[in-house]
Amino acid sequence: MPSSTHPTAADAMLAPEIQVSDHSSIDRALDVLRGSHTEFVPVRDDTGRCAGIVTRDQLAAHGAKPGYTENTRVRDMAHDHSAFARPGMPAADVTADLRERSLTALPVVDDDGFALGIVTATRLQTVLAASAGGTAEQP
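First, a word on what this report is: a plain description of the structure on this page. Owing to the predicted nature of the structure, the values given are computational and were not obtained by experimental measurement. Think of each chain on its own: its residues are numbered from 1, step by step along the sequence as written. Confidence filtering applies because this is a predicted model: local features only for residues at pLDDT of at least 70, side-chain atom pairs given and counted only at 80 or more, and all residues used for totals across whole chains, interfaces and linings. Heavy atoms throughout the structure, all of them, feed into the side-chain values; hydrogens and water do not.

Looking now at helix α4 (residues 91–101). Three or more residues of α4 are buried, namely Ala91, Val94, Thr95, Asp97 and Leu98. Projection of α4 onto a plane perpendicular to its axis shows the buried side chains occupying an angular sector of 160 degrees, all on one side. Exposed and facing more than 90 degrees away from the buried side of α4 are Arg99 and Glu100. Contacts: residue pairs with any heavy atoms within 4.5 Å of one another. Helix numbers and strand numbers start at the N terminus; a helix is a DSSP run of H or I with at least 4 residues, a strand a run of E with at least 2. Looking at the packing, one finds that the buried side of α4 touches α1 (9–12), β4 (105–109), β5 (115–120) and α5 (121–131). Looking at the residues trailing α4, positive phi occurs at serine 102, about 55 degrees. Burial status follows relative accessibility: with a 1.4 Å probe on protein chains alone, a residue under 20% of its type maximum counts as buried, one over 50% as exposed, and anything between as partly exposed. In this context, the arc is that of the directions from the helix axis out to the C-beta atoms.

Right, here's the structure in full:
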């Protein structure tokens, strides 16, 4: 639930239950996503900082190529790694960023670059509607 009439990314983010290393094979990352029943997962670099986000669809597209997925690492495939949200960023600004970049989710990172959560377009809409007095249910 948003803490004020102007919700932030922190109000809308979902805590990342899992993360994958950028050294993980595509097969392994896809197994993790399937096992966790999630659509998005933050990707960690060698220092543990967020290197981006990868989706089940991105991984599944590579999974259709036998032999390729067990030898290819997440860091070697195209995934969303340029945009991040900060916890205090206004939810409306995050929504605009997602729309401008044609994305459905962004990782939320702290000042040191470590993943704190993920914001999705759906979750942002819910939080913004609730703060405006709407009746949208939270997912």
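Still to come is the rest of the account.
Here we take up helix α2 (residues 26–36). Restricting attention to buried positions, one finds in α2 the residues Ile26, Ala29, Leu30, Val32, Leu33 and Ser36. Down the axis of α2, the buried side of the element spans an arc of 155 degrees, and every buried residue falls inside it. Just downstream of α2, histidine 37 is the residue with a positive phi angle, here 55 degrees.

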